[in-house]
Amino acid sequence: MEKINLTINGQEIEATKGMTVLEAAQSADVYIPTLCHYPDLEPYGGCRLCIVEIENMRGLLTACTTPATEGMHVTTESPAINEVRRMTLELMLSTHPCDCLECHRRERCGPYDVCLRHVAVTDRCVVCPSNGTCELQKVVDYMVVRELRVSKDTKSVPVDISNPFFDIDRNRCILCARCVRACQEITGVGAIDMAYRGYAMKVATFGDTPLMDSICRSCGECMVRCPVGALTPKETFHPEREVKTICPYCGVGCQMYLGVKNEQVVCIRGDEEGPANHGRLCVKGRFGIAEFVNHPERLTTPLVRKNGQLEEASWEEALAAVAGKLGNYKGDEVAVISSAKSTNEDNYVMQKFVRAVLGTNNIDHCARL
Amino acid sequence: MTEVKSNNGNKQRTIYICQGTGCVSGKAFEITEALKKAVAEQGLQGVNTDFTGCHGFCEQGPVAIVEPEGIFYACVTVADVPEIVDSHLRDGKPVERLFYKDPVSGEAIPHHKDIKFYNMQQRIILRNCGRLNPERIEDYMATGGYESLKKCLKEMTPEQVIEEVKRSGLRGRGGAGFPTGMKWEFLRNAVGEPKYMICNADEGDPGAFMDRSTMEGDPHTVLEGMIIAAYATGSSEGYIYIRAEYPLAVKRVRLAIQQSEEKGFLGDNIMDSDFSFQLHVKEGAGAFVCGEETALMASIEGKRGMPRSRPPFPATSGLWGKPSNINNVKSLATVPVIIARGADWYSSIGTEKSKGTCVFALTGKIANSGLIEVPMGIPLREIIYEIGGGIPGNKNFKAVQTGGPSGGCLPESYLDQSVDYESLAAAGSMMGSGGMVVLDEETCMIDIARYFLSFTQAESCGKCVPCRVGTKQMLDILERICRGEGRHEDIDLLQELGKQITAGSLCQLGQTAPNPVLTTLRYFRDEYEAHINENRCPALFCANLISFYILPDKCQGCGICLRNCPTEAIVGDKRMVHVINQEKCVKCGTCLEVCPERFSAVVKVSAEEVDVPSEPIPVTAEKPQTST
Ligand SMILES: Cc1cc2nc3c(=O)[nH]c(=O)nc-3n(C[C@H](O)[C@H](O)[C@H](O)COP(=O)(O)O)c2cc1C
Ligand code: SF4
Ligand code: SF4
Ligand code: SF4
Ligand code: SF4
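Residues numbered from 1 in each chain as written. Chains lettered and ligands numbered in written order. Predicted model: local features only at pLDDT ≥ 70, side-chain atom pairs only at ≥ 80, totals over all residues. Heavy atoms only, no water.

A.B. asks: Can you walk me through the overall build of chain B in this structure?
C.D. replies: Per the secondary structure count, chain B includes 24 helices and 19 strands. A compact globule built from 628 residues would reach a C-alpha radius of gyration of about 25 Å, and chain B, at 28 Å, matches this within 12%. Principal-axis analysis of the C-alpha atoms places the extent of chain B at approximately 90 × 70 × 40 Å. Counting only residues that meet the buried cut, chain B has 60% of its 628 residues in that class. The contacts of chain B with a sequence gap of at least 6 include a subset with a gap of at least 24, amounting to 71%. Accessible area for chain B stands at about 24700 Å²; split by element, carbon and sulfur atoms hold 48% of it. If the 66 positive side-chain charges of chain B are averaged to one point and the 80 negative ones to another, these points end up 2 Å apart. (Helix = DSSP H or I, 4+ residues; strand = E, 2+ residues; numbered from the N terminus. Rg over C-alpha atoms; globule rule 2.2 N^0.38 Å. Buried < 20%, exposed > 50% of the residue type's maximum accessible area, 1.4 Å probe, protein only. Contact = heavy atoms within 4.5 Å. Areas by Shrake-Rupley, 256 points an atom, 1.4 Å probe, with all protein chains shown as cover. Lys, Arg positive; Asp, Glu negative; His and termini not counted. Charge placed at Lys NZ, Arg CZ, Asp CG, Glu CD.)

A.B. asks: In this structure, what is going on with the domain arrangement of chain A? I would like to understand it.
C.D. replies: How big an interface is tends to be stated in terms of accessible area lost as the parts join. In terms of domain boundaries, chain A breaks down into domain 1 (3–77), domain 2 (83–143), domain 3 (166–233), domain 4 (241–294) and domain 5 (303–364). On a C-alpha basis, the centroid separation for the pair domain 2 of chain A and domain 4 of chain A is 31 Å. (Domains from an automatic or database assignment.)

A.B. asks: Is there a simple way to think about the packing of aromatic side chains in this case?
C.D. replies: Aromatic ring pairs are described here by two measures, namely the spacing of the ring centres and the angle between the planes. Enumeration according to the criterion identifies 23 aromatic pairs over all chains in this entry. Consider the rings of Tyr73(B) and Phe99(B), whose centres lie 6.2 Å apart with planes at 15°: the pair is stacked. One end of the pair, Tyr73(B), is in strand β4 (residues 71–73); the other, Phe99(B), is in the loop between α3 (81–90) and β5 (100–101), and 26 residues separate them in sequence. The class for Phe99(B) is buried, based on a relative accessible area of 7%. Centroid distance Phe275(B) to Phe277(B): 6.3 Å. Interplanar angle 10°. Geometry classified as stacked. Judged by relative accessible area, Phe275(B) falls into the buried class, the value being 9%. Counting every residue linked through ring pairs, the aromatic cluster contains Phe57(B), Phe72(B), Tyr100(B), Phe117(B) and Tyr118(B). The ring of Tyr246(B) is capped by Arg212(B), whose NZ or CZ atom sits 5.6 Å from the centre of that ring. It is Lys463(B) that lies over the ring of Tyr44(A); its NZ or CZ is 4.6 Å from the centre. (Phe/Tyr/Trp six-rings, centres within 6.5 Å; stacked < 30°, edge-to-face > 60°. Lys NZ or Arg CZ within 6 Å of the ring centre and 35° of its normal.)

A.B. asks: Explain the pairing of strand β2 (residues 11–16) of chain A to me, please; I cannot follow it from the model alone.
C.D. replies: Remark: a regular strand shows side chains that alternate across the two faces of the sheet. Residue and element names in this part refer to chain A. Strand direction decides the pairing type here: strand β1 (residues 3–8) and β2, joined by six bridges, are antiparallel. By the bridge assignment for β2, Leu6 is matched with Ile13. The turn joining β1 and β2, which pair antiparallel and follow one another in sequence, is formed by two residues; a positive phi near 50° is taken by Asn9. (Pairing = 2+ DSSP bridges.)

A.B. asks: Got a minute to help me understand helix α22 (residues 525–534) of chain B in this structure?
C.D. replies: At 3.6 residues per turn, the α-helix brings residues three or four places apart onto the same side. Residue and element names in this part refer to chain B. When we look at burial in α22, the residues that qualify are Glu527, Tyr528, Ala530, His531 and Ile532. In the core, the buried residues of α22 are packed alongside β13 (397–402), α17 (445–459), α18 (465–482), α19 (490–504) and α21 (515–523). Taken from the residues just after α22, Asn535 is the one with a positive phi, measuring 55°.

A.B. asks: Would you explain the site of ligand 4 in this entry?
C.D. replies: Taken together, 13 residues sit near ligand 4, with Cys461(B), Lys463(B), Cys464(B), Cys467(B) and Cys507(B) positioned nearest. Tallied by class, residues from the shell around ligand 4 come to eight nonpolar, four polar and one charged. (Near = heavy atom within 4 Å. Nonpolar A, V, L, I, M, F, W, Y, C, P; charged D, E, K, R; others polar.)

A.B. asks: Help me understand the layout of surface pockets, please; the structure alone is not making it clear to me.
C.D. replies: The gaps of empty space that remain are located by a probe, the size of a water molecule, rolled over the atoms. All names here are of chain A. Each pocket or cavity is described by its volume, and for the second largest pocket that value is around 1300 Å³. Elements with a minimum of two residues in the lining of the second largest pocket: α3 (135–143), α5 (221–225), β9 (231–233), β11 (255–261), β12 (264–270), α6 (283–287) and α7 (289–293). Among the elements that line the lining of the second largest pocket, the one with the most residues is β12, at five residues. The residue makeup of the lining of the second largest pocket, split by class, is 21 nonpolar, nine polar and 13 charged. (1 Å grid on protein atoms, 1.4 Å probe; cavity = no way out; pocket = protein on both sides within 12 Å on 5 of 7 lines; lining within 4 Å. Points joined across faces, edges and corners; volume = space filled by probe spheres on them.)

A.B. asks: Just checking my understanding: could you explain the pattern of salt bridges for this structure?
C.D. replies: Opposite charge on two side chains lets them pair, provided their charged atoms get close. Inspection of every chain in the model, using the stated rule, returns 54 salt bridges over all chains. Ionic pairing is found between Asp91(B) and Arg90(B), a salt bridge with its closest N-O pair at 2.9 Å. What you see here is one network of salt bridges that share partners, running through Asp40(A), Glu221(A), Arg225(A), Arg280(A) and Arg286(A). (Salt bridge = Lys/Arg side-chain N within 4 Å of Asp/Glu carboxyl O.)

A.B. asks: Looking at this structure, I do not really get the packing of α18(B) against α22(B). What am I missing?
C.D. replies: To describe two helices that pack against each other, one gives the angle between their axes and the distance between the axes. Residue and element names in this part refer to chain B. Two elements in contact, α18 and α22, have axes separated by 9 Å at closest approach and are oriented at 65°. Within the contact between the two elements, α18 uses Leu478, Ile481 and Cys482 and α22 uses Tyr528, His531 and Ile532. Grouping the constituent residues of the contact of α18 with α22 by class yields five nonpolar, one polar and no charged. (Axes fitted to C-alpha atoms, helices over the stretch in contact; angles between N-to-C directions.)

A.B. asks: Explain the confidence of the model for chain B to me, please; I cannot follow it from the model alone.
C.D. replies: Residue and element names in this part refer to chain B. Residues at a pLDDT of 70 or more form 98% of chain B, whose mean pLDDT is 93. Counted against residues more than four places away or in other chains, residues 1–9, with its pLDDT under 50, gives 22 contacts. Complex prediction metrics read pTM 0.90 and ipTM 0.90. (pLDDT = per-residue confidence, 0-100.)

A.B. asks: Help me understand the sheet that holds β4(B), please; the structure alone is not making it clear to me.
C.D. replies: Consider a sheet: its strands pair through backbone hydrogen bonds, and that pairing is either parallel or antiparallel. All names here are of chain B. The strand order β2-β1-β3-β4 describes an open sheet built from four strands, whose pairing is mixed. For this open sheet the edge positions go to β2 (47–52) and β4, each flanked by a neighbour on one side alone. Averaged over neighbouring strand pairs, the angle between their axes works out to 20° when direction is ignored. Both strand β1 (residues 13–18) and strand β3 (residues 64–67) contribute to a ladder of four bridges, which runs antiparallel. Residue pairing across strands places Thr14 opposite Glu67, the latter belonging to β3. Where helix α2 (residues 28–42) meets the sheet, it contacts β1 and β2, and its direction lies at approximately 160° from that of β1.

A.B. asks: Explanation requested: the domain arrangement of chain B in the structure shown.
C.D. replies: Per the domain assignment, the segments of chain B are domain 1 (13–116), domain 2 (137–346), domain 3 (357–440), domain 4 (445–533) and domain 5 (543–618). Spacing between the C-alpha centres of domain 2 of chain B and domain 5 of chain B amounts to 59 Å.

A.B. asks: How do you make sense of the sheet that holds strand β9 (residues 278–284) of chain B when you look at a structure like this?
C.D. replies: Residue and element names in this part refer to chain B. Taken in spatial order, the four strands make up an open sheet running β9-β8-β7-β10, and their pairing is parallel. Edge positions in the sheet fall to β9 and β10 (324–328), since each has one partner strand and no second. Each neighbouring strand pair of the sheet contributes to a mean axis angle of 20°, computed without reference to strand direction. Helix α13 (residues 329–341) rests against β7 (196–201) and β10 of the sheet, and its axis sits at about 85° to β10.

A.B. asks: Looking at this model, I keep getting lost on the interface of chain A and chain B. Mind explaining?
C.D. replies: Contact with chain A, which involves 34 residues of that partner, is made by 33 residues of chain B. Note on chain A versus chain B: buried area summed over both sides is about 2600 Å², and carbon and sulfur give 58% of it. Remark: the boundary between chain A and chain B carries four salt bridges. In this assembly, chain A and chain B are joined by twelve residue pairs in polar contact (both at pLDDT 80 or more). For the side of chain A that touches chain B, the secondary structure elements donating two or more residues are β4 (61–62), α2 (79–94) and β7 (192–195) of chain A. (Buried area = accessible area lost by both parts, 1.4 Å probe. Polar contact = N/O pair within 3.5 Å; in protein donor to acceptor, adjacent residues only side chain to side chain.)

A.B. asks: Teacher, can you tell me more about empty space enclosed by the protein here?
C.D. replies: Residue and element names in this part refer to chain A. One pass over the full model with this rule turns up nine cavities of 30 Å³ or more. Reported here for the largest cavity is a volume of approximately 110 Å³. Cys173, Cys179, Val203, Cys226 and Ala230 are the residues nearest the centre of the largest cavity, which is lined by 16 residues in total. Along the lines of polarity and charge, the residues of the lining of the largest cavity split into 14 nonpolar, no polar and two charged.

Laid out in structure tokens, this is it:
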């Protein structure tokens, strides 16, 4: 890929042609705060935090939308930039409920501690599912905002809990539109968009219905990209360790990490390195694994019917039983049903086996049932 | 001045009724019908009834012109029709009572060309508005219409057309003032097919109606400009984006496209050349922000109308990711004239950097409001006092707001300021869309800043934080200052917010939204201080900061105020001095209005105590001499 050279904060940097200024900076480990940018989404330029100065270009430009070009001179920190960034961040915070954000004690406070600043319990960062992973917290810490010059103006609209897997708490939403773009660009569903204008703007479904009454597929691609605690799973877990695996639900082969706590699967994370899914999952993979894997009635060994009773058996035993019986039938006397949970390759081999070895076309697949 | 002939009864005459939207709302359609009917009933030979687009003098609408004499009738009603027909169209005697009266001298002026409002203007963009029937392409062609297109196609290369427009110095009339020829060159040199030419007819600024008037009054000039632009830039397809609230403009532009196609000026192989251009009308849904070029293109694509950052610029990646150019209606309407009369002629008008003419929608506290077109460089004073006829009611000038809702308010010291892109920008205002609102001494500058900001705040698309949240914060502050709850730190905070919103917003809507606040802070800071520090509104406007009192030494106890007060806040009796209960008063000002002028017993004050009795007392004032 063609390389270009540019200077960021006086440092010579080599970047790939086609990168934005933000991507070029990130590739060289130069931090630029941003909240609306997300690596696999189209640039948006809405949060205005990533503004930079570029020689010979007018005004402050958003690094996330500006293409990096050969010989560019970029400055990512200056008094002018910081003034705008700080005001922008303060304005964003004025609409965000967590007063803890501006508090230096934020990390030390527990849910039941007495707040010396009289922040309402419901408005405390500790009660937010995203506490600790919240990107807004990180930017606030980076900018060291300890006081707002503008007045607080938060809202209290009902949380949309209609979806069985995740909630939308619009009171915490910073309108970065990551969710909207994810739903349009990643899933191609377009269940949500920005509705209304200006200060009244909000993430909404068509007709502003509860999420569950929309065309939403519950994939949660929106949720995983939300930088704050506005789109959060019904339950948040902090796993002890993660186990890399492949989703068992279908033949696509999405890679994922199982979050494990007390030897139970508690949560799922798509693996961004997974070549088949790049971190994306569908509703089954994202929300349907833990319950199914942890279910007490889940089969963990093959069962063989002996004297009318299903009994646990080893794989060798079970396969031997099948192979032994199959020999008694010919051609259309048998039918075989394969599983959607197997890989494409296994299913391919199965139909080959049925047609070429058993000599019948009676082969089907559970996904068609 | 030609004499008004009173005895040319048998002459050929045409009466043109203005059918611009303003006059239509004043029943221009009905007037036209009534005229037609009356003329037919009388069987008048040689008398035609026709209509035109907007004359610009909407203040005086509905207006009509009788040609060939050029007699101008103002404020015509259906009831006036019989007299016009009998006296003027039949007997050749113009109806004097319908003549326009000069607001200063009071003199009746019969001829269109003698009216100051018109004769100080120089009309290039609006040259045909009010002068031809916009629904007939033949009328346009009779004025030399589509000759410029012919000249371009037959005698000029696209590069030569671009060069001519560049040399003319034409700059975009959509607000930013970017050189039109340069924009065309960017598109011509851009790589990618097809290329799109877009006409911005969204015109969302409150009070601006020049683009609408141009489309309603002379749609073909816009089309001709657009076809020339398409030829010069190599565009094969075009859109005119018109707000849906302009149904008449949409109708006339659609009709013009159809007529133009029939004549072979649009479509395949225009005028037998190998240049083809397809033109579509796209109706916008009325969001102000959709006038911003990138939002407009998103809207044509069927997406939510939100601006996006540039670069990439539309010339490289515009509509559907293809190279595109977008020009305002007025920029395009100027092009045929530049081609016809030459770049040298055009660039001889205006100032060094701002060439040609500009159109303003003159409103507010001004005698002649309406649409005017003046050469760049004209001083504000001339517009306001000569063309506009000054401020009515003997009030003093306070400020003029130019550039639409995101423009700035300039004080009296700027009255001799030249009107052009650079000078207005240097003063903190802008040319913008050409709104011009005149404010008099009774206008509170904080209230006016609040008014304009409330528009931009409501129209913010919501995409970016400084504009979405920042303008709301500024508006909240202005509202509390107007309520008398301003805080000492508010002025600094407004200044700081304004500065950072200007620097940090994505598009010009946010970048310019603080302008009315920043300019009033710059030129009328004392008014802010009076509100905050003294709870005083110097213009005596902000309801929370003013009080009405009835002066005991003037009140005659007539009781008119008592009967008119909507909240029964006034107590009194016959021959008793009336007293206003300040708790109940809602500051509507009715008492001040109705108190007979010869008594003038009611006063309006701000942050001032007036010594009045707490209860009605017998009247002591002497009866004023009733003069005359
Ligand atoms: C909020 C906003 C509203 C705008 N509205 C209009 C409009 O109604 N008409 C217009 O011609 N330009 C409007 N513009 C300017 C356009 O973005 C663009 O600059 C213009 O159409 C270019 O045409 P010109 O070069 O002929 O001036 C607006 C810009 C902004 C930021
Ligand atoms: S869960 Fe999936 S389909 Fe539903 S809104 Fe989010 S991204 Fe769209
Ligand atoms: S819900 Fe989350 S991702 Fe969506 S706009 Fe709000 S903050 Fe951004
Ligand atoms: S400045 Fe305002 S109108 Fe422009 S993109 Fe930002 S929010 Fe939208
Ligand atoms: S200002 Fe209005 S409400 Fe107050 S006393 Fe006068 S008439 Fe009544």
